[in-house]
Amino acid sequence: MGVQRMAGLKEWLLVFLSMHFAHYCCTRIDDDACIYTGNSQHRCQPKVNYRHKEKEVLDQILGPGSYDARIRPSGVNGTDGPTIVHINLFVRSIMTISDNKMEYSVQLTFREQWMDERLKFNDYNGKMKYLTLTEASRVWMPDLFFSNEKEGHFHNIIMPNVYIRIFPNGLVLYSIRISLTLSCPMNLKLYPLDRQTCSLRMVSYGWTTDDLVFLWKEGDPVQVVKNLHLPRFTLEKFLTDYCNSKTNTGEYSCLKVDLLFKREFSYYLIQIYIPCCMLVIVSWVSFWLDQSAVPARVSLGVTTLLTMATQTSGINASLPPVSYTKAIDVWTGVCLTFVFGALLEFALVNYASRSDTHRDDMSKKCDLERSVSLDVGDYEDGPNSFNMKPLMRPELMMSRDKMSQIIHQTPPMEQNSCWKSWMSKFPTRSKRIDVISRILFPMVFAMFNMSYWSTYLFREGVDEDK
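The model shown is predicted, which means the values in this text are computed figures rather than measured ones.

Asker: Go over the sheet that holds strand E10 (residues 195-204) with me, naming the residues and quoting the values.
Answerer: Pairing within the open sheet is antiparallel, and its 4 strands lie in the order E6-E10-E16-E13. The open sheet has two edge strands, strand E6 (144-146) and strand E13 (233-242), and neither has a second partner. Each strand axis lies, on average, 20° off the axis of its neighbour in the sheet, ignoring direction. Here E13 pairs with strand E16 (residues 254-263) via 9 bridges, running antiparallel.

Take a look at the structure:
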């Protein structure tokens, strides 16, 4: 009986040790598994090394005997139709928009998806979700290029920013981060109250639509980073469209995205419009200076004219030479005309002042000669002779001063208007020109502002509706 008890104890101890040894194997050895046998005994078996399996799968599907990257994938459902490539973009930043060069720079993540049934593989019950490659030459790639590109480069810091994912069903995802400088033809007729549309065009280079078709990915094909900031523009919206191109070699698939930018007017209001208004108003100060202050009025007019000309040259230097008139050209041209007109007004005032002086001198000379002739005629019979004509009797004579007083006191009927009565306060023509200019120049400039802003703001609204 003691022998039986010892045998049972030994069997129980073996079972206990085997269970603990199996638990030790499962917790201490990586990628091992506990496999239960039918007699409730436990033993350790190594797990499947999926990293090693990935290598085997890649060697299997991309081997030289099974895959040729020179041959395009078949069409939908393995047919001989064109390969369908779905495209989507993520705009990371828009660095610059140049009016002078008519171009813009953008950094984006570019993605392509297509089905290649030659790359199907076993996912081992979901253990291998996808395979990742970094060499685009290992698989077939669409021959897409950006048709309006001027410059472009890839990003290789710290590693090349590119990957290719191959999914078990044969779906291939290609993603890369690139920076592009693209041409953007602009219409600057409403500058700086304009809106510009810059496009991004993607075209197949060698495969016609019979072999390759580009489609926008369903859902949200273009995404833009939320905190996108541009110094002089605002991205209002973007539109996706198709732009297939036909040449003498065939029809090629094309996609485009139009980015609609609105120019920020506040910058130009502070830097251009307000300074020009101030220069025009400063030129009017000469109307209030005395006409004899020639150095002050000339220096003020010439200074404002040169400053306005410099301002106009600086504005045109930042813009391309175009064959049409821009809104800013109308503004600077009219402001320059007003400043130049103020300088010409002083030339007219100076001429009128000298004319008035010359007329006064001639009037005094004539009065002196007339008085001398009258004195000689009155006393032509001698100093003691009073043989006067009947109309030249002393009681009938009237002094010239009294006669002029009567003339001024009894003006003609047409001089009774308020305007002429007010203008009579300014006896010289030069003073009258200054007074009229003080009223006329601001009124005309105000009328120009009303017509300018109503015209161009209305045209901006019409373009926005389109």
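Asker: Can you explain the environment of Pro82? Please cite residues and give values.
Answerer: On the secondary structure map, Pro82 appears in the loop between helix H2 (50-61) and strand E3 (83-98). Remark: the alpha-carbon pair of Pro82 and Thr208, spanning 126 residues in sequence, is separated by 8.9 Å. The contacts of Pro82, once residues within four sequence positions are left out, are Arg72, Gly75, Val76, Thr209, Asp210, Asp211, Leu212 and Val213.

Asker: Talk me through the nonpolar core; I want residue IDs and the actual numbers.
Answerer: Core analysis: the biggest nonpolar cluster contains 78 residues, and Ile87, Tyr104, Phe110, Phe146, Leu200, Met202 and Phe261 have the highest contact counts within it. If sequence neighbours within four positions are ignored, Phe261 has contacts with Ile94, Ile97, Arg195, Gln196, Cys198, Leu230, Phe233, Thr234 and Leu235.

Asker: If you had to explain the pattern of salt bridges to someone new, which residues and values would you point to?
Answerer: A complete count under the given rule lists 13 salt bridges for this structure. Ionic pairing is found between Arg72 and Asp211, a salt bridge with its closest N-O pair at 3.6 Å. Taken together, the residues Arg72 in the loop between H2 and E3 and Asp211 in the loop between E10 and strand E11 (212-216) connect sequence positions 139 residues apart. Assessed through its relative accessible area of 17%, Arg72 is described here as buried. With a closest N to O distance of 3.2 Å, Glu345 and Arg297 form a salt bridge. Taken together, the residues span a long stretch of sequence, with Glu345 in helix H5 (residues 327-378) and Arg297 in helix H4 (residues 294-317) at a distance of 48 residues. The buried category is assigned to Glu345, whose relative accessible area is 5%. Linked by salt bridges that have partners in common, Asp99, Asp194 and Arg263 make up one network.

Asker: A description of the state of the cysteines should follow, citing residues and the corresponding values.
Answerer: Applying the stated criterion across every chain, the model contains 2 disulfides. Between the sulfur atoms of Cys184 and its disulfide partner Cys198 the distance amounts to 2.0 Å. The disulfide joining Cys184 to Cys198 has a torsion of about -80° about its S-S bond and is therefore left-handed. Remark: Cys198 occurs in strand E10 and Cys184 occurs in the loop between strand E9 (171-183) and E10; sequence separation between them is 14 residues. Disulfide pairing places Cys243 opposite Cys254 at an S-S distance of 2.0 Å. Looking down the S-S bond of the Cys243 and Cys254 bridge, the torsion is -55°, so its handedness is left-handed. You can see Cys243 sitting in the loop between E13 and strand E14 (245-247) and its partner Cys254 sitting in strand E16, a full 11 residues away along the chain. The pair Cys243 / Cys254 is uniform in exposure class, with both members buried. No disulfide involves Cys277; its sulfur sits 5.8 Å from the nearest other cysteine sulfur, which is in Cys335. In this model Cys335 remains outside any disulfide bridge; the closest cysteine sulfur is found in Cys276, 4.9 Å from its own.

Asker: I'd love a proper account of the pairing of strand E4 (residues 103-115), names of residues and values included.
Answerer: Of all the 13 residues making up E4, 11 are buried; the element is thus mostly covered by neighbouring parts of the structure. Counted along the chain from E3 to the antiparallel partner E4, the turn is 4 residues long, and its residue Met102 has a positive phi close to 55°. Bridge count between E4 and E9: 13 bridges; the pairing is antiparallel. Following the sheet pairing, Phe110 is matched in E9 by Ile176.

Asker: Account for the environment of Phe448, naming residues and giving values.
Answerer: Structurally, Phe448 can be placed in helix H8 (residues 429-465). For Phe448 and Trp331, which are 117 residues apart along the polypeptide, the C-alpha to C-alpha distance reads 9.3 Å. What Phe448 contacts, discounting residues up to four positions off in sequence, is Val330, Trp331 and Val334.

What counts and what doesn't
- Residues numbered from 1 in each chain as written.
- Predicted model: local features only at pLDDT ≥ 70, side-chain atom pairs only at ≥ 80, totals over all residues.
- Heavy atoms only, no water.
- Pairing = 2+ DSSP bridges.
- Helix = DSSP H or I, 4+ residues; strand = E, 2+ residues; numbered from the N terminus.
- Axes fitted to C-alpha atoms, helices over the stretch in contact; angles between N-to-C directions.
- Contact = heavy atoms within 4.5 Å.
- Core = buried A, V, L, I, M, F, W, Y, C linked by side-chain atoms within 4.5 Å.
- Buried < 20%, exposed > 50% of the residue type's maximum accessible area, 1.4 Å probe, protein only.
- Salt bridge = Lys/Arg side-chain N within 4 Å of Asp/Glu carboxyl O.
- Disulfide = S-S within 2.5 Å.

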